[in-house]
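Now for the letters of each chain:
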Amino acid sequence: MMEDKKNPRPAEEGSQLPTVTLLVLLALIGVLLFVGWQYLKDDSISDNELTNAGADSIAVVGNANEFPVVAESSDKSEKEETTEASKATEKTKKEEEKPSKKAKKEEPKTETTKVVDLNSVKGEIITHTVQAGETFFGIANRYNLKWQSLQKLNPSVNPDGIKVGVTKLKVKIQTIHTVGPGDVLRVVAQKYGVSKALIMQANKKTKDFTERGEKLIIPLK
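Residues numbered from 1 in each chain as written. Predicted model: local features only at pLDDT ≥ 70, side-chain atom pairs only at ≥ 80, totals over all residues. Heavy atoms only, no water.

A. Fine view of the packing of aromatic side chains. Considering all chains together, one arrives at 2 aromatic pairs under this definition. With 6.1 Å between their ring centres and 85 degrees between their planes, Phe136 and Phe137 make a pair best called edge-to-face. A ring pair is formed by Phe137 and Trp147, whose centres lie 5.6 Å apart and whose planes are at 70 degrees; its orientation type is edge-to-face. Placement of the pair is Phe137 in helix 3 (residues 136-142) and Trp147 in helix 4 (residues 147-153), with a sequence separation of 10 residues. For Trp147, a relative accessible area of 31% gives the class partly exposed. (Phe/Tyr/Trp six-rings, centres within 6.5 Å; stacked < 30°, edge-to-face > 60°. Helix = DSSP H or I, 4+ residues; strand = E, 2+ residues; numbered from the N terminus. Buried < 20%, exposed > 50% of the residue type's maximum accessible area, 1.4 Å probe, protein only.)

Here you go:
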């Protein structure tokens, strides 16, 4: 009977072994979970630090790039303003100069050339009868004379009172040329030392053409 009572003890000890093993495993799992949590926590902090550091780095880079851009824009604006100011100043100067030039053009012309004494000039005197549309000054210009010279030749004539078909004016010229063979205006002009234009003007010619036997008035030089 004493031996039967002792047999159950090994069975109790065997049933306690799995329980201990389970507790050990749970303890190990708890330790691993704790270590894992600590690792994840540290890693999260590191990530945050890296993220903040990256943000600061980007901000610095951004600021470094912004300053040159602002400076360049400012310089460009200053250059543009300077250019516009220069253009405005230049335009103002030109506008100020224009009136003076215009005024200079509108100044009355004064004759500084001494009037030629026609008595000392070789030539011939012809009579010119005033025609429609002619003026005293226009007649003087036609024969290449100054109006003062024409007035000296006609002291009794009032320049403002000439009458068409009535007033006769004395005009001094070089001579009267009769056109001969080969006498084109250019050749005649060279012969008397005056321009072809003056001969055409004195004879009221509109075309560079002459006829044989035509009489041409040759004005003074």
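More follows now that the structure is in view.
B. View of the nonpolar core. Ranked by internal contacts, the top residues of the largest apolar core, which has 18 residues, are Tyr143, Leu145, Leu150, Leu169 and Val171. Every element with two or more residues in this core is listed here: helix 3, helix 4 and strand 2 (168-173). Beyond its immediate sequence surroundings of up to four residues, Tyr143 is in contact with Ile126, His128, Val171, Ile173, Ala202, Ile217, Pro219 and Leu220. In terms of nonpolar packing, the next biggest core, distinct from the first, is built from 10 residues, Val179, Leu185, Val194 and Leu216 among them. (Core = buried A, V, L, I, M, F, W, Y, C linked by side-chain atoms within 4.5 Å. Contact = heavy atoms within 4.5 Å.)

C. Expanded view of the confidence of the model for the protein chain. Averaged over all residues, the pLDDT of the protein chain equals 74, while 57% of them reach at least 70. Contacts from residues 1-6, a stretch scored under 50 in pLDDT, to residues over four places away or in other chains number 0 contacts. A low-confidence stretch, residues 99-114 (pLDDT under 50), is modelled with 5 contacts involving residues beyond four sequence positions or located in other chains. (pLDDT = per-residue confidence, 0-100.)

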